Each structure stands twice: as structure tokens, then as C-alpha cells.
Amino acid sequence: MDKLKLIKSIVFVLTLLLIIGSFSIIMLLFKKTSTPSALNAKVNLEEPYGSYIKDFKIKDDYIYILASGGGKEDRIIIYNQSNSKPISTININK
């Protein structure tokens, strides 16, 4: 009788591991397919060569980018993610 309980316990543990593993694989596949591919997209901010991004903030559908260099003074670029274009540039006087 003890052998039967041992076999039932082993089957229960293996079944539980199979369910957890299957659930993990399904969630991983769902996460990979639902991740937006825009993260790897190239964006043209229409800034001169030598410009670089100092900082950025994302709020709602807009990205606020603090850019510097490129022969210009520091500036904030407001980028709209939905139409993939910069909306406005705000120059910051020193």
C-alpha cells in the first residue's frame, strides 16, 4: 500500500510540474508576440550631426527628449509616437 501512495505522489508532482511548465511557455510566447516591435524601429528626429540625447521622458503618447550638441543649444524635442514624427522643438537658453 505504501508503494501505491508513493507512485500517486510522484504522478501528482510530475503532473503539477507539467502544468506549471506549460503555463510558463504559453505566457512567454504571449509576452513575446504582444511586445510592440516599435522598440527596434529607427526614428529620424531631424537633428544635425553630432547631436545626442541627454535625457528623455515618456508621457502618454509623447516622448520628451532633451537633446544637446550638433552646433545648437540644448533643446527639448516633443515626439508623437502615434504618427512617428517630431511635433515641436523648444530651445533652452543658457
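This one's a predicted model, so the numbers in the text were calculated from it and none came from an experiment.

Scoring rules and cut-offs
Residues numbered from 1 in each chain as written. Predicted model: local features only at pLDDT ≥ 70, side-chain atom pairs only at ≥ 80, totals over all residues. Heavy atoms only, no water. Pairing = 2+ DSSP bridges. Helix = DSSP H or I, 4+ residues; strand = E, 2+ residues; numbered from the N terminus. Buried < 20%, exposed > 50% of the residue type's maximum accessible area, 1.4 Å probe, protein only. Polar contact = N/O pair within 3.5 Å; in protein donor to acceptor, adjacent residues only side chain to side chain. Contact = heavy atoms within 4.5 Å. Axes fitted to C-alpha atoms, helices over the stretch in contact; angles between N-to-C directions. Expected span 1.5 Å × (residues − 1). Patch = residues over 30% accessible without salt bridge, like charges linked within 9 Å, V, L, I, M, F, W, Y side chains within 5 Å. Areas by Shrake-Rupley, 256 points an atom, 1.4 Å probe, with all protein chains shown as cover. Salt bridge = Lys/Arg side-chain N within 4 Å of Asp/Glu carboxyl O.

(A) Representation of the pairing of strand β3 (residues 72–80). Alignment of strand β2 (residues 62–69) against β3, held across seven bridges, turns out to be antiparallel. If you follow L66 over to β3, its bridge partner there is I76. With six bridges joining them, β3 and strand β4 (residues 85–91) adopt antiparallel strand pairing. Directly across from Y79, in β4, lies its bridge partner P86. As consecutive antiparallel partners, β3 and β4 are separated by four residues, and within that stretch S84 has a phi angle of approximately 55 degrees, a positive value.

(B) Local environment of the side chain of S68. Here S68 shows up in strand β2. Given a relative accessible area of 7%, S68 falls into the buried group. Polar contacts involving the side chain of S68 include one to the side chain of D74, which spans 2.7 Å. If we skip the residues at most four places from it in the chain, S68 touches G50, S51, Y52, K54, D74 and R75.

(C) Looking closely at unusual backbone geometry. The backbone phi angle of E46 is positive, close to 60 degrees, even though this residue is not glycine. Among the structural elements, E46 can be located in the loop between α1 (2–34) and β1 (51–59).

(D) Here's a closer look at the sheet that holds β2. One open sheet accounts for four strands, arranged β1-β2-β3-β4; its pairing is antiparallel. Only two strands of the sheet have a single partner each, and these edge strands are β1 and β4. Ignoring strand direction, the axes of neighbouring strands in this sheet form an average angle of 25 degrees.

(E) Quick peek at α1. If you check α1, its first and last C-alpha atoms are 48 Å apart, about what 33 residues at 1.5 Å a residue would give, namely 48 Å. Of all 33 residues making up α1, only zero are buried, and the element is barely covered by its neighbours.

(F) Representation of a nonpolar patch on the surface within the structure. Together, L6, I10, F12, V13, L14, L16, L17 and I20 make up an exposed nonpolar region whose accessible area comes to about 800 Å². Tracing the backbone shows L16 in helix α1. The class for L16 is partly exposed, based on a relative accessible area of 42%.

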